Amino acid sequence: MSSRRTWVLNGRNMSETPLPEALLLELRDVRAGYEGLEVLHGIDLTVHKATVTAVLGANGAGKSTLLSVISGTVNPTSGSVALDGKTLDGAGPAKRVRHGICLIPEGRGVFPNLTVRENLWVMTHAGVGRTAVEERAFGQFPRLAERRNQLAGTLSGGEQQMLALARALATSPRLLLLDELSMGLAPLVVEDLYRHVPRLASSGVTVVLVEQFARMALAVADVAVVMAGGRIVTRGKPEQVEETLQETYLAGRAGAVSANGGTA
Ligand code: ATP
């Protein structure tokens, strides 16, 4: 985990930051499900600070449920979730937000009938003033500045995702959980959005993203995890996992992938 790593996106070198060693998130043998039906069957996952972890897998693999367990909207039936070495067991979603865990759910999570600025102002409940929230958002996403007085519902899909990211950043998250950032967006728009992900990690935010758009996720990830049938079936550097994906998951045989060493 300590080697220098670079990634190339659209022909550009995105970072040369050495991977930090400190753990932020740790899941141990987590089992969880819905109404008595187990969906996650013993997940072990460690996530280091200021890194990007991509969780990949087919529909129904359990990726969103994993994010729900981390964000506290689904309670594990057994196992543990810890942030910075402290257990989160029993902490609900609101408490986890206060601990710096921020989930951007599938489908964006912006208020369509509020303007861009009003969407940002809602986030001042986190204790940051309107000016500071706007400065940070518009500094990161200049296109939002151009649209500041526009209703969020009239923004393009990509701009709505930018706004969702900007709203999340207003809370100064330590752990940002992104569920299907690419949902319903054209590949070029997805590429544009994904440029922001390594920048977030460089600024100290730890990112766990769930994606079916494997190519883009692998391009920005430090670590990639493949899920199938509610289990982590492989974990490694993106180039290692990419090989596995090509051989198995993309060929529609995700369930047949076996663990390839390395603890999750
Ligand atoms: P997708 O990309 O389709 O969301 P996923 O990998 O994120 O796939 P999950 O959404 O975690 O997978 O779903 C895993 C399993 O849990 C699926 O069989 C799904 O039908 C089931 N499931 C998800 N949410 C619920 C829910 N709220 N109630 C009952 N079952 C659910």
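Residues numbered from 1 in each chain as written. Predicted model: local features only at pLDDT ≥ 70, side-chain atom pairs only at ≥ 80, totals over all residues.

This part takes up the site of the ligand. In the vicinity of the ligand, the contacting residues are Tyr34, Val39, Gly57, Asn59, Gly60, Ala61, Gly62, Lys63, Ser64 and Thr65. A total of three residues in the shell around the ligand trace back to one element, the largest contributor, which is helix H1 (residues 63-71). (Near = placed C-beta within 6 Å. Helix = DSSP H or I, 4+ residues; strand = E, 2+ residues; numbered from the N terminus.)

Pairing is mixed across the open sheet formed by six strands, whose spatial order is E8-E9-E10-E5-E11-E12. The open sheet terminates on both sides in strands that have one partner only, identified here as strand E8 (101-104) and strand E12 (231-236). Along the sheet, successive strands turn relative to each other by an average axial angle of 20 degrees, direction set aside. Bridge count between strand E5 (residues 52-57) and strand E11 (residues 223-228): five bridges; the pairing is parallel. When the sheet's bridge partners are listed, threonine 53 is paired in E11 with valine 223. (Pairing = 2+ DSSP bridges. Axes fitted to C-alpha atoms, helices over the stretch in contact; angles between N-to-C directions.)

So, about H1. The buried fraction of H1 is high, at eight of nine residues. Where H1 is concerned, the buried positions are Lys63, Thr65, Leu66, Leu67, Ser68, Val69, Ile70 and Ser71. Directly beyond the C-terminal end of H1, a positive phi value near 95 degrees is found at glycine 72. (Buried ≥ 20, exposed ≤ 12 C-beta atoms within 10 Å, placed from the backbone.)

Pairing within the open sheet is antiparallel, and its four strands lie in the order E4-E3-E6-E7. Whereas interior strands pair on both sides, the edge strands pair on one side only; in this sheet they are strand E4 (37-48) and strand E7 (86-87). Bridging between strand E3 (residues 23-34) and E4 involves nine bridges; their strand directions are antiparallel. From the neighbouring strand, arginine 31 faces E4, where its bridge partner is histidine 41. Packing of H1 onto the sheet brings it into contact with E3, E4 and strand E6 (78-83), and relative to E4 it is tilted by some 65 degrees. (Contact = placed C-beta atoms within 7 Å.)

Let us look at the nonpolar core. In this structure, Ala166, Leu177, Val207, Leu209 and Val225 are the most contacted members of the largest nonpolar core, which totals 74 residues. Each of two domains, domain 1 (20-100 + 173-264) and domain 2 (111-169), supplies a minimum of three residues to this core. Contact partners of valine 207, with chain neighbours within four places excluded, come to Val52, Leu176, Leu178, Val197, Leu200 and Ala201. (Core = buried A, V, L, I, M, F, W, Y, C linked by C-beta atoms within 7 Å. Domains from an automatic or database assignment.)

Once that is clear, we can look at unusual backbone geometry. A positive phi angle is found at aspartate 29, which is not glycine, with a value near 45 degrees. Mapped onto the elements, aspartate 29 comes out in strand E3. Residue aspartate 29 is classed as partly exposed on the basis of its C-beta count, with 13 C-beta atoms lying within 10 Å.

Moving on, we come to helix H6 (residues 157-169). Helix length check: H6, at 13 residues, gives a terminal C-alpha distance of 19 Å against a target of 18 Å (1.5 Å per residue), a fit within 8%. The element H6 is extensively covered by neighbouring structure, given that twelve of its 13 residues are classed as buried. Taken together, the buried positions of H6 are Gly158, Glu159, Gln160, Gln161, Met162, Leu163, Ala164, Leu165, Ala166, Arg167, Ala168 and Leu169. (Expected span 1.5 Å × (residues − 1).)

This brings us to the confidence of the model for the protein. Mean pLDDT for the protein: 84, with 84% of residues reaching 70 or above. Across the protein, E4 holds the top mean pLDDT of 97, while strand E2 (residues 12-13) sits lowest at 54. Long-range and interchain partners of residues 253-264, a stretch whose pLDDT sits below 50, account for 32 contacts in this model, where long-range means more than four residues apart. (pLDDT = per-residue confidence, 0-100.)

Here the focus is the packing of H6 against helix H7 (residues 187-194). Running from N to C, H6 and H7 point in directions that differ by 20 degrees, and their axes come no closer than 10 Å. As summarised for this structure, H6 and H7 are arranged roughly parallel, according to the angle between their axes. Where H6 crosses over H7, the handedness of that crossing is right-handed. Where H6 abuts H7, its residues Gly157, Gly158, Gln161 and Met162 lie against Val189, Asp192 and Leu193. Here the contact of H6 with H7 is composed, by residue class, of three nonpolar, three polar and one charged. (Parallel < 35°, antiparallel > 145°, perpendicular 65-115°, else oblique. Left-handed = near helix turned anticlockwise from the far one by under 90°. Nonpolar A, V, L, I, M, F, W, Y, C, P; charged D, E, K, R; others polar.)

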